[in-house]
Amino acid sequence: EDRVAALLGKDFVAAAIPLDSQAGPLALTGFVASPTYSKASRDAQYFYVNGRFVRDKTAQHALRQAYRDVLHHDRHPAYALFFTLEPSGVDVNVHPTKIEVRFRESQAVHQFLFHSVHKALAGTSAGAAPTVQVDGAEPAAPPLPRGESASLFASASPRPASSGAPAPQAFQYQQQSIPLHVAREAVGVYDKMFGGLREEERALSRAEPAMPSPAAPLPHPAVLAMPAHDENGIPPLGFALAQLHGVYILSQCAEGLILVDMHAAHERIVYERLKTALESDAIPLQPLLLPVSFAADRMEVATAHEHGEEMKRLGVELAPLSPTQIAVRGVPVWLKDGDPVDLARAVLKDVREFGLTQVLTE
């Protein structure tokens, strides 16, 4: 740890996840950086094979794939990893300076490196939000009556009951309505992006038994019960307090405040839905009322003609009209508001360059 800190800095070590994985003769130890710590270049990537520093394409690709779900594509992961295997399993004489190696079982090495790092990163997702403790902070007060200022996360312990008064009920954590004036247009964007999730939540709340009323009245009668993600019923990202500039959501959790980028959150929701749909065989397709045609080159037309049926699994339906024109007849249901022509060109380009199987999985 001290040697790694001397090379990569104490910031890296503070954000690093220790890794120790073994499978038969393969072993991987060292540190990989948390997704919150990334670089604009690859200068913080140290990978050793049997004690020798190397730059191997198989290892680089496996490590990059392990970060693909948690790191923006413009950023690069940081790591200091030491990989050991049987000397007979690696050829070190493929480059004059010994900077490159060739693994005899490259597929097995790729899978081992990918799963080892992916498992280490998966363990950090539950605790992604840092806990900040302020020294000397006063404990939160219980909920106050209507009209008075109150903390969203007031103490859950009931107030002492006076003689003859009924025992108070335990405080119920719920999402309160936001009594702030925000731009109509911004609210419309929010509803458009997350309206479907709200309907799902309402359907779930109707299916669940009614909860007892809270001890203190809430500022507004419209209250949306939140799913109980912990013993207090507080979701991982807390409760929404406000919307800022129509772009960010300010949320309060037990540890502090969280700022959510609505656009990035929407992209993530769509991305996870697409992945889940692909795992269950196909992405739902939204047929276009009026097909959109565009000018295409011969390679695009040939790709659409050859892989047209298989591309429907991606939620894209294309029909060649002529040697120079293609019609878009359907798009993925979660991307129906996007540009169908740009989507079709991007999918055709990927299928032509990488093959349909790789496009479906990556």
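These figures come from a predicted structure and were not determined experimentally.

Novice: So what's going on with helix α7 (residues 298–311)? Which residues, and what values?
Specialist: When the local axis directions of α7 are compared, the greatest deviation, roughly 45 degrees, occurs at H305. Looking only at α7, the buried set comprises E300, V301, T303, A304, H307, G308 and M311. Structurally, α7 contributes buried residues whose contacts are with β11 (285–295), β12 (317–322), β13 (325–332), α8 (340–354) and α9 (356–361).

Novice: Quick one: what's the story with the packing of aromatic side chains, residue by residue and with numbers?
Specialist: Applying the stated criterion to the full structure yields seven aromatic pairs. Between F83 and F112, the ring centres sit 6.0 Å apart and the planes meet at 35 degrees, which makes this aromatic pair tilted. Of this pair, F83 sits in strand β5 (residues 79–84) while F112 sits in helix α4 (residues 106–122), and the two are 29 residues apart along the sequence. Assigned by exposure class, F83 and F112 land together as buried. Here a set of aromatic residues connected by ring pairs shows up, and it is made of Y46, Y48, F53 and F82.

Novice: Explain the sheet that holds strand β2 (residues 26–33) residue by residue, including any values.
Specialist: Strand order in the open sheet made by the five strands is β1-β2-β5-β3-β4, with mixed pairing throughout. Both outer strands of the open sheet, β1 (16–23) and β4 (52–53), are each paired with one neighbouring strand and no more. By the bridge criterion, six bridges tie β2 to β5 in an arrangement that is antiparallel. Among the inter-strand pairings, L28 is bridged to a residue of β5, identified as F83.

Novice: Residue-level account of the sheet that holds strand β9 (residues 248–253), with values.
Specialist: Read from one edge to the other, the open sheet built from three strands follows the order β8-β9-β10, with strand pairing classed as antiparallel. Bordering the open sheet on either side are β8 (239–244) and β10 (256–261), each of which pairs with just one other strand. This sheet shows a mean twist of 25 degrees between the axes of neighbouring strands, independent of strand direction. Pairing of β9 with β10, which is carried by six bridges, proceeds in the antiparallel orientation. Bridging from a neighbouring strand, L250 pairs with L259 of β10. Contacting β8, β9 and β10, helix α6 (residues 262–279) runs over the sheet at an angle of about 70 degrees to β10.

Novice: So what's going on with the pairing of β5? Which residues, and what values?
Specialist: Bridging between strand β3 (residues 45–49) and β5 involves five bridges; their strand directions are parallel. Counted as the bridge partner of F47 is L81 from β5.

Novice: Give a detailed account of the packing of α7 against α8, specifying residues and quantitative values.
Specialist: Close contact between α7 and α8 brings their axes to 10 Å; oriented N to C, the two are set at 90 degrees. In terms of axis orientation, α7 runs roughly perpendicular to α8. Across from M299, E300, T303, A304, H307 and M311 in α7, the residues of α8 making contact are R345, V347, L348, V351 and R352. In terms of residue class, the contact of α7 with α8 is built from six nonpolar, two polar and three charged.

Novice: Kindly report on the pattern of salt bridges, identifying the contributing residues and their values.
Specialist: Across all of its chains, the model carries seven salt bridges by this definition. For the salt bridge of K275 with D69, the shortest nitrogen-to-oxygen distance reads 2.5 Å. Of this pair, K275 sits in helix α6 while D69 sits in the loop between α3 (57–66) and β5, placing them 206 residues apart in sequence. Among the ionic pairs, K312 bridges to E317, the shortest N-O distance being 4.0 Å. Several salt bridges converge on common partners, so that one network encompasses D69, R268, E272 and K275.

Novice: Explain α3 to me, using residue names and the numbers behind them.
Specialist: Within α3 the residues assigned to the buried category are A59, A62, L63, Q65 and A66. For α3, the buried positions fall inside an angular range of 160 degrees around the axis, keeping them on one side. For α3, the N-terminal cap is D56; the gap from its side-chain oxygen to the backbone nitrogen of T58 is 3.1 Å.

Rules of the game
- Residues numbered from 1 in each chain as written.
- Predicted model: local features only at pLDDT ≥ 70, side-chain atom pairs only at ≥ 80, totals over all residues.
- Heavy atoms only, no water.
- Bend = angle between axes of the 7 residues up to and from the residue.
- Helix = DSSP H or I, 4+ residues; strand = E, 2+ residues; numbered from the N terminus.
- Buried < 20%, exposed > 50% of the residue type's maximum accessible area, 1.4 Å probe, protein only.
- Contact = heavy atoms within 4.5 Å.
- Phe/Tyr/Trp six-rings, centres within 6.5 Å; stacked < 30°, edge-to-face > 60°.
- Pairing = 2+ DSSP bridges.
- Axes fitted to C-alpha atoms, helices over the stretch in contact; angles between N-to-C directions.
- Parallel < 35°, antiparallel > 145°, perpendicular 65-115°, else oblique.
- Nonpolar A, V, L, I, M, F, W, Y, C, P; charged D, E, K, R; others polar.
- Salt bridge = Lys/Arg side-chain N within 4 Å of Asp/Glu carboxyl O.
- Arc of directions from axis to C-beta.
- Polar contact = N/O pair within 3.5 Å; in protein donor to acceptor, adjacent residues only side chain to side chain.

This is a description of form; function is not addressed.
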